[in-house]
Structures are given as C-alpha cells and as structure tokens.
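# Results of the structural survey
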Amino acid sequence: MKKMILLGALSISILTIAFTSCVKQKFDSPPDLSTYDPNLTVNATLKQVKSLYNGSTPTLIDSDYTIAAYVIADDRSGSFYKQIVVQDSTAGIVVLLGRSGLYTDYPIGRKLYIHCKGLYLGAYGKFMQLGYTPDNTNALSDIPAAVIGKHVVKANTGNTIVPIKVNIADLKSLNSDLMGRLIQIDSAEFVANDVNQPYAQDPNIASGTDRTIEDCAGDNMVVRMSGYANFRNELIPAGKGPITAVFSRYNSTAQLLIRDTFDIRMNNTRCGGVIITPPVDITIDSLRKMYPDTSSTQNIVLGNQMIHGTVISSYADSNISQATSLYIQDESGRGINVYGISGLALGDSVTIKLSGNLLIVYNGALEVKKGTGATLAATKISGGKTVTPIMLSIADLNADLNNPLFKARKYESVLVKLSAVTITGSGFFAGNNTLNDGTGTIIMYTRNTIPFTTTPTPTTPVNITGIGIKYKTTPEIYIRKVSLDVQ
Amino acid sequence: MKQFLTCFLLFVCPSVYAQLATLSGKIIHADTKLPYAEVTILLKDMKMITTSDAAGNYQFGGVPMGTHELQYSADDAIDETVKIEVAKSNVMIDIVELKVLAGSGLGNTTDQSGASVEDASSEDESANTSAGQNVSSVLNASRDAFLSASTFGWGQYFFRMRGYENDNNTLYLNGVPLNDLEEGGVFYNSWSGLNDVFRGRTVTLGLAPGECLFGGLGLNTSLDASASNQRKGTKLTYTATNRSYRNRIMLTHSSGLQKNGWAYSFSFSRRWANEGPVKGTFYDAWGYYGAIEKRFKKQGISFMVVGAPIKRGKSGPATAEVFDIAGSHYYNPYWGYQDGKVRNSRVLTTHSPLFIFSHDAKLGANTQITSAISYQAGETAQTGIDWQNAADPRPDYYRYLPSYVEDANDRQEVYDYLKANPNMLQIKWDSLYEANRNNLNAGYGKAAYILNAAVENAHRLNAAVNLKSQVDDHTTLQAGVNFQTQNNHNFLRIEDMLGGGYWENINQFAARTFGGIIKDADKLNLLDKDIRRYKGDTYGYDYNIHFTKANWFAQGMFTYNKVDFFVATELGFTNFYRVGNYQSGLYTSNSYGRSSTNTFFTPKAKGGLTYKINGRNYLYANGAIGQRAPFVDNVIISPRTRNEQIANAETEKFSSAELGYLLRSPNVKVRVTAYATQVKGASDIRRFYRDDDYSFVSMSLQGINKQYTGLELGAEVKISPSLTASFAGSFAQAFYTSRPYVNIYSDNEVGTQNTTLSGSPDTVYMKNYYVPSGPQTAMQLALNYRSKTYWYGTLSGNYMGNNWMDFAPTARTKDGVDNLVYGSDAWHNVIDQRKPPNVITVDLNFGKSFKVDKYIHKASNQTFLLLNVGITNLLNNRNINLYGFENLRVNTVNPAWFAPKYAYALGAQYFINLSLRF
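Procedures and definitions
Residues numbered from 1 in each chain as written. Chains lettered and ligands numbered in written order. Predicted model: local features only at pLDDT ≥ 70, side-chain atom pairs only at ≥ 80, totals over all residues. Helix = DSSP H or I, 4+ residues; strand = E, 2+ residues; numbered from the N terminus. Rg over C-alpha atoms; globule rule 2.2 N^0.38 Å. Buried ≥ 20, exposed ≤ 12 C-beta atoms within 10 Å, placed from the backbone. Contact = placed C-beta atoms within 7 Å. pLDDT = per-residue confidence, 0-100. Nonpolar A, V, L, I, M, F, W, Y, C, P; charged D, E, K, R; others polar. Pairing = 2+ DSSP bridges. Expected span 1.5 Å × (residues − 1). Core = buried A, V, L, I, M, F, W, Y, C linked by C-beta atoms within 7 Å. Arc of directions from axis to C-beta.

## Considering the overall build of chain B
Across its full length, chain B carries 8 helices and 47 strands. Against the compact-globule benchmark of 29 Å for 918 residues, chain B has a radius of gyration of 29 Å, which places it among compact chains. Along the first, second and third principal axes, the C-alpha set of chain B runs to 85 × 60 × 55 Å. Within chain B, the proportion of its 918 residues that are buried is 51%. Long-range contacts, defined as pairs at least 24 residues apart, comprise 71% of the intrachain contacts of chain B with a sequence gap of at least 6.

In structure tokens:
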C-alpha cells in the first residue's frame, strides 16, 4: 500500500514536471506596419536623378541620392514582371527588382524610399529604368533579390495615386515629364479591329500585343498588352470611357501600359454611336460555302464571323514550306488553308476571326488570307488535340478534288487516310511519289528536305494519312511526319 | 478443432504425441562465482517463468523437445540469453554466469540506440531522395558484435544493413506484422521514447529462419512488449543530452508475472527541447504504454496500448553554397523570426495509438498457437508554407542566391551582403504577414501566403495467427496466416492564415496555362461549392489509398547432430487502389472516385543448412527467391491529382544467397557472412518541377535491376575477464545493373491518360551506379571494460566510407547531357556519382551503479541508482555528410542553380542518464 502511494505521488510529480516544462509554439501576428513611415531624409527628386542618364548607355549613380516615390504599377496581374513603376511629383520610372510577387511588398500606393547610389539608369526601347549592373548589350540587370532591401525601403501603404488627366494629343511628346507616370484619358475607345479580341495573344506567339485606342477627335495611340497578364484572354470591350495607364514608349512609339482590367472602364457609347457586335462562330463548311458557285477565281471579303478548328498541318515536321501556312479542320469534317499566321503546332485548337479577311482561290484551292487593314490572327485554345482521318479510296479522293466547284469539295484540306497503297518513285520520300491503292493513283508530295530526303519509302503496301490537297490542277496528298502518317 | 486448426495452418497434421522434458540449471555471479538468487528465468517461446533459489538453482518441467531460448534477468545484472536444445527428457543446462553491473537493462546501448532512432527519423527530410528515409536502428540489438556496431556505431550515420532499403526489414510486435503497407518500411515513431518496455526482442539478419514470419532480406525483428515480459519493479529515469531533445524523463512500473497469473505494466516518457542543437528546431515528444496480461494454465491473453504524441520542428538540407554563406553545416532553412521570435515552418506532428489484443494457447503438449489482432489509427501532419501569385518564401530559393546573379561583382556583393545579414537566409515571417495584410488593405481578401499541413490519416487493422509445433525430436513446423488492411487519407489542411483573408482552392499551374481558355481547368475540385478556404479547411488534394495484404507462411526446421536445415515458404497477396475525393478540372474523368485495383501475387521460398563442425564451429548457407509487390507510390503516377497508373506494373523479383562461418568459444566469437542478392524489375516514380513544362511532373523508372554483394564480419575477443575487444566490418557493394526506361507525365495537361510527354520511353544510363544506401564500407573497433566495482566503459572507433550519394536520373539521360561536350569536365560534373569524404568517429560510454542502501539505510536492498554517461562523435567532426541528393531539376547551362543538397551529422553529443530503480 505504502508502495502504491509512493508510486502515485511519484507519477503525479513526474506528470507535473512534464506538463509544466512546456514547449511553447503559439505565435502572435507581427505588428501592422502599413502606416509606418521611417521618414528618411530625401535629398533629390526623381526628375533630378533621371537627368543623370546620358540618354544612350547605362549610367551608374555614384552620388548618395535618396528619393521618395509611390508605387504606381506592380506585378499583381502579371502585366508587369520583375518590375514596378514608381513616381514622385516630378517624374516616373521603372524599377527592376529581381523577384516575382513584388506586389506583396510593393503594392500600388505604397510609399518607397530609394537609395540610388550604386544603381544604374538605363532604358529598354528608350523607356527609362532604374536597375543594376548592365550586361554587354547595355541591358540593365535586376536588383538581385537579396539586396533589394539595401536600396528600396518600404514606408506606408494605401496612398491614393491620382492619375494626371490628359488627352491622346497630349501624349505625342516622347520626352515629356509624363513619361513613366500614371495618366488618365477620360474618353477613349479601342479601334473596331481590336474590339472583342483578347487583350493579348498567347505568350508563346508573342510576349505582348499592340492594341490601339482612339478618341472622337481622331487621335489614336498604342496600348501594349502583356501576354503574361492573367487577363490576357479576356475580351477587349467595345464601349468608350476612361483608361488609366502608365505612359511609356518603345523607341519612337508612344504607348500605354495598363496594370489590370480595372484601368479600362469603357462602358459608354462609342464615338458616333457606332455599335460593334461580336463575330458569329461558323463552321468551316459554312465558310467554304460562302465561295460562289463558280470555278473562277474571286476574292470574297468576309464579314463579322469567326471559325474554329484543330491544326492538322505541322510546320515543325518540315513538310509545310512556310511557317505562316496552316491547315485547320473542324467538327463539320471540312478543312481550310489559312495563310498568314505563325506559331501554331499540330494539334493546336484555335479560333480565327474573319472580319475583313479574304476567302480566295490560290493555286487551285480555297484559302483564307489577310484582308487590307484587317487582322488575321489565331487564338490558341489548347494543344494536343487529334483529328481522326477519313478513310477513303484514291478514286474517291481524286473525284472529289477534281470537282470544279471549290465549295463542293469535301476532302480538300482535310485529313484523309488511304489504305494498302504501294509507293512508286525515287525510293525516298522527298518529291513526288505515286500512290496506288488499286482504285487509282495520286501524287504524294513531300518537301525536298531532311528527313524526307534521307528516309526511304516502304516497299510493301502501307496506310498513308495526309492532307488532301489540290495543287493547281493536280490532286495531291501531303503527309506530316513519316512515323505518324505512314504505317 | 485443435487438430483442424493445426492442419489448416500447416497443411500437414503433425503428431500430437511427443515427449516432455525437465530442464534444470544453476546461476552464479560472474565475478564472485557465488550462487545468484532471485534471478528471473524466462523460457521465451513457452512463456514459462521461474526464479532461482538461494543456491542459484532453478527448474522447468513439461518442456517440449526442440530449440528454446532462456532469458536470465536480475535487477542488478545484464540480461543473458542462452539458446538450448532439448533432445532428451532430463536436460542439465550449463552453469550461467551473470555479470553484475550498472546500467543493466537500461544500459548505454539502450539509450544510445533510442536517440539514434530519433536522430535518424528527425533527419528523414524530403521525399525526393531515396536515401534519408532509413531508420535502420533497432532499439536494442542483440549482443552480436556486427549487429551492435551497425546499430550503435553506424546506424546514426544512415548505415543500411547490406545496403537494402528500409522495406526489406520486417517487424513483428506481439505477433502482428507492423510494416507500413504504403511505404513498406518499419517505423518506430509509434512507440519512440518507451525504451524501457520495448527491450524484449529477437533479431535475425538476412536469410536465417524467422521466429514467426518469413521475413525480409534484411533485418527481421520480433518484439515482445507484453506485460509478463516486463521486468518487475519501478524505474525512474532522467536524461540530459544535446541531441534532438535536451531532457527526457521516463517512468515505468511493471508487476511482473504475479502468482495469480496477472501481469500489468505501464510506462510514460517525455522528451523535450525548446531548441535543439540545430537552430529553429524544437522537440516535444510524449510516450505512453499500458499492458495487461492474464496467464491461465494452458493459455494466456494480453492487451496492450501504446502511443507517442510527437511534435517537433525540423531541419532541412541545403546546398554547399548556402552552407558556405551561413558559415555552418547546421544551417536550417526552415525557420525565421516572427516578431523577433524563432518560428519553424516545418513542424511535424504525429500520434498513432496502437492497440494489440493477443492470445496464445498450447494445443497439446508440443503445439502452440498464438493469435493477435491490432488496430492503429492516427494522424501525421507536416506543416509548410504555401503561396499563390507571390514570391517563393523559401529563403534558400535559388533565385535569391549569389549563383543566380550574372555579373561577377554583383554576385560578390550579394554574397557579402548575405554573409553580413544572416537573417536574409531565414524565413521572413513578418513579410508574409505583411503581404497578406497589404492584400487585405488593398481590398483583396485573397491570401498570398498560408501555413498548411500535409496530412496523412491512417487506419490499420492487422491480424495474425501463428502455429508452432514440435513434431518430433528433430522437426519443428511453423505456420501462420496474417491479414493486413490499411486506409490512408491524404490531404492538405490550412493551419494558419498568416493574417490573410481566405485562400483559393485553385491550381496555379493550370491557371497559368489554361486560365480563361478552358473553363474550370484551374479548379482543383469541380465539386467545390466555394473555392474559398479558411483555417482548418482541406484544400489542394484529397484522396484515399486502400491496401490489403494477406500471407500464408510455413516453415520446417530440422535439427540433427551434425546438420540443421530449414525450408520456408510464403504465399502472399497484395492489392491497392486509390479513391479520389476531388474532381480535378484538368482530369475530369479519372480523378474522382475509385481507380482500378492493382493485385499482385507474391510467392517466396527460402531454405538453409547449418553444418556443425563441432560445438564451436559452424558453417551455414542460406538461399531465398521470391517476388515482392511494388509500392503504390511507384504505380500510381500522381496520386495527388488522378488515378492514372504506369503501364505494365510488375512485381519485383529477388534472389539472394548467403554463406557464413560462426565460431563460438568462451573467449572468441566470430561471425563472417558473404552474401549476394539480385533484385529485378523494380520500379520507382520521382516527382519534381520541370521547367520545360512549367509544371510538376512524375517520372516513372521501370526495369530497375540491382545487385547487392558484400562481406560482414563480427569478432569479439575476451582479453581478460573484464576486458573485451571487438571488431566489426561491412564491405558492401550495392549497385544498379540495368538501364531503366523512363516516362515523364505532366501534372498540367487536360484529360490525358497514359500519355507521356516524351511520347516514347527514354533511357536512364545508370548501370553500375551505386545504390544510395549509406556507407557501403564500415568498420568498428571497440574496447569494453567491465569492472568488478560496478562500473564499465566502452571506447569505440568507427570508419565509414563509400557513402555514394543519391543521383538524379534526369541528368543521366540524353537530354540531361545535351549541350555538354562528351567527356569534358562539365560532362563529368553532371553525370559522375558523388561521394562525400570518408568519416572517422570515436564514441565513449561510461556507466556505474550504486546500491542505494549502502548510503541510505532505510532504502530496500533492491534499490539501485544507475548512471550512464556517453559521448558520441568525441572528435567533434562537424563535416560528416549524413546524406545528400541531387536536384531532379536539371539545367545544364547553369548547374549551380540546382546544386545537390546535403545534410550533416551533429558534432560531439553527450548524454547523462540517471535512473533510480526500486
């Protein structure tokens, strides 16, 4: 009994020691510094600092200048990357900071003190920047992430930046003090060609896209949209209204840089009451049927319509001579050759706006081509799509491609598959080879390049997949890639 | 019924008639040669217990023929275990000498190994390395010189038995198999810190016959933590150390097997440190254990519960560049200051109580059946920082380091600046809060940073029945069936909003690629009513993995005068499947719900022969062949996102042989074993961020063949009655013998199934690379002095070399060496396997016991005070590479960006252990 009591007492004392010697792991939240201003001594204006730049080669700031400025653009939307734009009451400038997610530390409206000594002044497309040691092409590097705090000191947040109100006409001078500052144009609209287009193209096609605004006085200017912005797929509004932006330039072109879609509030009626309606999505079959019942060559100007489809040609695999020529096919089972768009790959799913572009006959086949003053561009939706080829005999394919009515051809620019064909010709893929499946013969045309010049044609019957083509008066078939299309 | 059970399990019907024997023996003090009274003698497999009388004599009646183990334990002596063979009806056992000394039972070794288990598991960073997950140590190895050296000398430096992965080791506790079904390995976390009650164990290495299991190729451990197996008495321990923890207290009380057939035992421990030896780490581990047992005449039932709630702040590996700037090999990227206080971002919390109910019974005179059922459930959670549309919060992110800066002067400036501002290399918690606050102030409720936890909720149910029958004087048959089922629920949980408003459950990578193009592609879960998440909510991924495993095992052991031999076989069945709880916007059709079930049949067989040259010299040869099921992680391509699986998942085929010599003489003990093992058809999936795809990818490696060969040596020489010298050595070569084929699968594609990015499989040129398995050469020389005046000391020196590092398969492909001049230095720098320098360590231990009644006359004569002091790594070598691994992200133009990461072993560590036993 005595032992039990002793044991009990011991257990209790042990547990007490164990519980009281606690390992503390609860944390407070740190103090709110959003209203804190270290009140550093400012001894220069941004304009004074900018004036140190010699205008052509990067200039090291070797004086102990400290400026105070407010962030007017950050990287929250992805419209800016590894840079912010700051301004004081005299000027504005881009600051290159070697880090992503800058807005979490340097959001729009935050006051910053910048110790300029040791930084460089330079320019990209003549638009001035504050950054670090230039490389041998005179491009400034970013201030390395680790040392940003040495140069940029954070002060209070939430300051309201009032943009300077201007008209497009005021932005003609590339050397004005407005450069690098936040401006607002109260009444502007995007030109009709840009309306309902995405803000920017796929960054794989172009890192940025120039759009144009105009005012009712007839002045216009470029708005440069970043392909990396998270709003790049949103559509450009059709109305008129205010636009807020950073005034910038690319060499001799004045341009505006928006920070996010909140900078564009164009909800009013356009100049002159013009109404722009979004394009009608039609099938390629409907497009082909717009060509008149004729075998002659005509240029058909297309209206406010768009097509969609999957790319069935592959420039990357060398059997298309131009990067700008592509074949697309859609669920109507029809295909079309589109001329003038680059950067797309086999299997990409795209939409193409037709307004102002042309439907023509070129080398004996239908083709969409850029119209004067119109934009011909594709919007890539996704990649990796496959199109199932249509199985048919050579006789049927020839009969279709030889139909004198272009609009009636079902297999022109369409992926088809011929079975058990024998190949006769040079012994290699390059050039014209003749395919025979017992019902007829057709030319398989392959460009005179590697790998086709070095790849021998099979000697036993094979299945051939390719695009049905009418070249001038000859029906042909184009394969994309030997390993893909010859089996 | 009994007969039926026996027949069912064995597939043979052994005779139930056999002779019973009487054993008798005598115990004396090793130093004085006087009789030793009050020694507890346990006949282990029969669970028979007795006590020596005043003359040191003891007796057991009704013992079946065959091989048995006797364990002798006294309060003030070291346990001794003796193996006997009973082949006639009256057996006189040789006189057993027990050494009286300090620290018996809780001796230096127990403490050391306990700590090394904890150290090893506290370093088990990063799932992206196959090294570093190893917990090879056992809590208390048997006294074989080789096992002891590998456990206590090399174990803490990630030495792995024969170079095998942890999943080649097996563990039985009170008769139930406890290997994890997901990763295959043996994890001691569930009862760490309870060294007092987990001492009883049988360890077999390699292909020797197992106690109640077929076993793996490596170390097979069988633990008996039942109440009757615990030493009677109460023990209180305090330990001060500078390991992962700084303080430890343990309290254990056991009743021993009482006359009324009842036994109970409980134990409690706590280990803690407000800050460990590595900055930013803390340690708070508790342990509890309770067991009760009732023995009847022919059977017994027992129940046990054990659990260890652990919470600790981890340390992480880093690149050589960062160690250089930090000026220390103990730089820890996981912590930072928050409001002036140290906060660790990687906190591991785990608690999985385990319940075991077991029953054993004698079916007739020579047949024994044991059954056990266990249930374990618990949560393991590891915190980390997550971020969206914000800068990487990891302070050692490659873009923040000097090597990322192009201009040489700027690089030096960044280097100098970081060197002068070491806090720049730690997490800036205040900035994370500020970022969230700035967002809120600007009208964006969305948090940029949160603290999450990767949670695994596991439920395991295991059941086993084992039968052992002594058929005749020469034959022992064993058989068993076991069944295991496990359900792991994995998900991310928000632990701390860090001042932010809400978190969005969206896929940032998909948002970047498909945002605005494909509707809902960025949704992590299309079934979400609201994508906003708050503290305590689940987000990111959410899925279950279900496992089932069943085995039938049979073994026959045959003992003759000159030879012993055995044959064993196991027929196994494993299946697993995934159940997705999220419907991904990218993988709409194969992310939600149940995947197809993978089923594998795994037959195994082994056998061996021991030739007894004479009573002291033995030769033995064993061989095994069989198959193992692949692990779920190496079959399901990306369990976090979808059900997709690799094509042609197959079992791993192994064959192994060992050949050995054993010398057992009073003054010299030697064991030499040569082994060779081949493994074919293994698979592995590595997951990492690949720049080409702007996405995380899974890289599957299939057709991995490995070979493990080596020599193990353990020798012990008694120089004088109190001085023993021992030598142990492991000379191993574990290497790959094939060029596996790889497929890469992106986690950021729409709806693809069984499609690879590369189109066709690529080859990894890794033939003859070493398996990263810790030091492949290891040696130990030790001197052990045991004084008659109740103290002992051990001095040991260890050498470890050929610690080949884990390598990135991505770098050993055609693409990995693209743009590099064949055979150039840069080329060698990319493809050559790295090997950290060889290591020498010295360890010293000392212990003494005090009989308390000598000083305090009121104390009972069974009261002892035990003191142990130990110093490991006495030379304070702070350059010991514990493990390292290459970054799977490869950049041949700027290799420094993705340099290998390393972790270093601690310098000199001490422990002072004080126990009171009464």
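Still more ground to cover, so stick around.
## Considering the overall build of chain A
Check the secondary structure of chain A and you find 6 helices and 30 strands. Scaling as 2.2 N^0.38, a compact globule of 487 residues should have a C-alpha radius of gyration of about 23 Å, whereas chain A reaches 32 Å, well beyond that. Along the first, second and third principal axes, the C-alpha set of chain A runs to 95 × 95 × 45 Å. For chain A, buried positions account for 40% of its 487 residues. Across chain A, the fraction of contacts at a sequence separation of at least 24, relative to all contacts at a separation of at least 6, is 67%.

## A word on the confidence of the model for chain B
Residues and elements named next belong to chain B. Averaged over all residues, the pLDDT of chain B is 85; the fraction at 70 or higher stands at 91%. Here residues 11–18 is modelled with pLDDT under 50, and outside its nearest four sequence neighbours on either side it reaches 20 contacts, counting other chains as well. For the stretch residues 101–142, pLDDT sits under 50, and the model shows 144 contacts to residues farther than four places along the chain or on other chains. Across the interface, the model reports ipTM at 0.76; the global pTM reads 0.80.

## Looking at the interface of chain B and chain A
For interface size, the figure often reported is the accessible area lost on association. Chain B puts 47 residues into the contact, and the matching count from chain A is 38 residues. Listing elements by their share of the side of chain B that touches chain A, those giving two or more residues are strand 13 (233–241), strand 14 (247–254), strand 15 (262–273), helix 5 (408–420) and helix 6 (429–441) of chain B. Per-element accounting of the side of chain B that touches chain A gives the leading share, 9 residues, to helix 6 of chain B. In the side of chain B that touches chain A, the residues fall into 22 nonpolar, 12 polar and 13 charged.

## Focus: the pairing of strand 13 (residues 220–226) of chain A
Where a strand is regular, its side chains alternate between the two sheet faces. Residues and elements named next belong to chain A. Among the 7 residues that make up strand 13, 5 are buried, leaving the element largely enclosed by the rest of the structure. As defined by bridge partners, strand 12 (residues 208–214) adjoins strand 13 across 7 bridges and the pair is classed as antiparallel. Of the residues in strand 13, the one forming a bridge with Thr209 is Met225. Linking strand 12 back to strand 13 in an antiparallel pair, the connection comprises 5 residues, with Gly218 at a positive phi of about 95°. Two elements, strand 13 and strand 15 (residues 253–257), share 3 bridges in a ladder whose sense is parallel. Within the sheet, the bridge partner assigned to Arg224 lies in strand 15 and is Leu257.

## Describing helix 6 of chain B
Residue and element names in this part refer to chain B. For helix 6, which comprises 13 residues, the first-to-last C-alpha distance of 18 Å matches the rise-based estimate of 18 Å (1.5 Å per residue) to within 8%. For helix 6, the elements touching its buried residues are strand 20 (335–338), strand 21 (341–344), strand 25 (427–428) and strand 26 (449–470). The first or second residue beyond helix 6 is Gly443, which carries a positive phi of 90°.

## Some words on the nonpolar core
In this structure, Ile72, Ile84, Val86 and Ala245 of chain A together with Tyr157 of chain B are the most contacted members of the largest nonpolar core, which totals 146 residues. With 7 residues, the single largest contributor to this core is strand 2 (residues 66–73) of chain A. Once you skip the residues sitting within four places of it in the chain, Ile84 of chain A turns out to touch Val71, Ala73, Asp74, Val95, Leu97, Leu102 and Tyr106 of chain A. Ranked by size, the runner-up nonpolar core spans 46 residues in total, among them Leu178, Tyr188, Trp191 and Ala554 of chain B.

## Considering the sheet that holds strand 10 (residues 176–177) of chain B
All names here are of chain B. Pairing within the open sheet is mixed, and its 4 strands lie in the order 10-9-12-11. Sheet topology places strand 10 and strand 11 (201–205) at the edges, where each strand pairs with a single neighbour. Bridge count for strand 11 against strand 12 (residues 219–223) is 5 bridges, and the pairing is antiparallel. Considered in strand 12, the bridge of Val203 is made with Thr221.

## Remarks on the environment of Lys232 of chain B
Residue and element names in this part refer to chain B. Its location among the elements puts Lys232 in the loop between strand 12 and strand 13. Lys232 gets classed as partly exposed once you count the C-beta atoms within 10 Å, which come to 16. Once the C-alpha coordinates of Lys232 and Arg295 are considered, the two residues, 63 residues apart in sequence, prove to be 16 Å apart. Dropping the residues within four chain positions of it, Lys232 is found in contact with Ser254, Ser255 and Gly256.

## What to know about the sheet that holds strand 19 (residues 318–319) of chain B
Residues and elements named next belong to chain B. Strand order across the open sheet formed by 3 strands is 19-46-45, with antiparallel pairing between neighbours. Unpaired on one side and paired on the other, strand 19 and strand 45 (881–885) mark the two borders of the sheet. Pairing of strand 45 with strand 46 (residues 901–904) involves 4 bridges; the strand directions are antiparallel. In the sheet register, Gly884 faces strand 46, and the bridge partner there is Tyr902.

## Some details on the pairing of strand 12 of chain B
Residues and elements named next belong to chain B. For strand 12, the buried fraction is high: 5 of the 5 residues fall into the buried class. Going residue by residue along strand 12, you find Leu219, Thr221 and Leu223 tucked away on one face and Asn220 and Ser222 tucked away on the opposite face as well. Pairing of strand 9 (residues 170–173) with strand 12 involves 4 bridges; the strand directions are parallel. By the bridge assignment for strand 12, Leu171 is matched with Thr221.

## Remarks on helix 5 of chain B
With 13 residues, helix 5 of chain B should cover 18 Å at 1.5 Å per step; its first-to-last C-alpha distance of 18 Å lies within 8% of that length. Within the sequence span of helix 5 of chain B, burial applies to Glu413, Val414 and Leu418 of chain B. With its buried residues spanning 130° around the axis, helix 5 of chain B presents them on a single face. Residues of helix 5 of chain B that are exposed and angled more than 90 degrees away from the buried face: Ala408, Asn409, Gln412 and Ala420 of chain B. Where helix 5 of chain B is buried, its residues contact strand 8 (143–144) of chain A together with helix 4 (320–326) of chain B.

## Some words on unusual backbone geometry
That bond from Ile450 of chain A to Pro451 of chain A is cis: its omega, 10°, falls within 30 degrees of zero. Among the secondary structure elements, Pro451 of chain A is positioned in the loop between strand 28 (441–446) and strand 29 (462–471). Despite not being glycine, Lys82 of chain A has its phi angle at roughly 55°, a positive value. Here Lys82 of chain A is to be found in the loop between strand 2 and strand 3 (83–87). Look at Lys82 of chain A and you get partly exposed, because 17 C-beta atoms sit within 10 Å. Unlike most non-glycine residues, Asn174 of chain B shows phi in positive territory, near 45°. Assessed through the 26 C-beta atoms surrounding it within 10 Å, Asn174 of chain B is described here as buried.

## A word on the environment of Asp407 of chain B
Following the sequence through the fold, Asp407 of chain B ends up in the loop between strand 24 (367–387) and helix 5. Distance from Asp407 of chain B to Ala510 of chain B, taken between C-alpha atoms, is 34 Å for residues 103 residues apart in sequence.

## What about the environment of Thr269 of chain A?
Residue and element names in this part refer to chain A. One can find Thr269 in the loop between strand 15 and strand 16 (280–281). What makes Thr269 partly exposed here is the crowd of 13 C-beta atoms within 10 Å. Spatially, the C-alpha atom of Thr269 lies 9.3 Å from that of Glu189, the residues being 80 residues apart in sequence.

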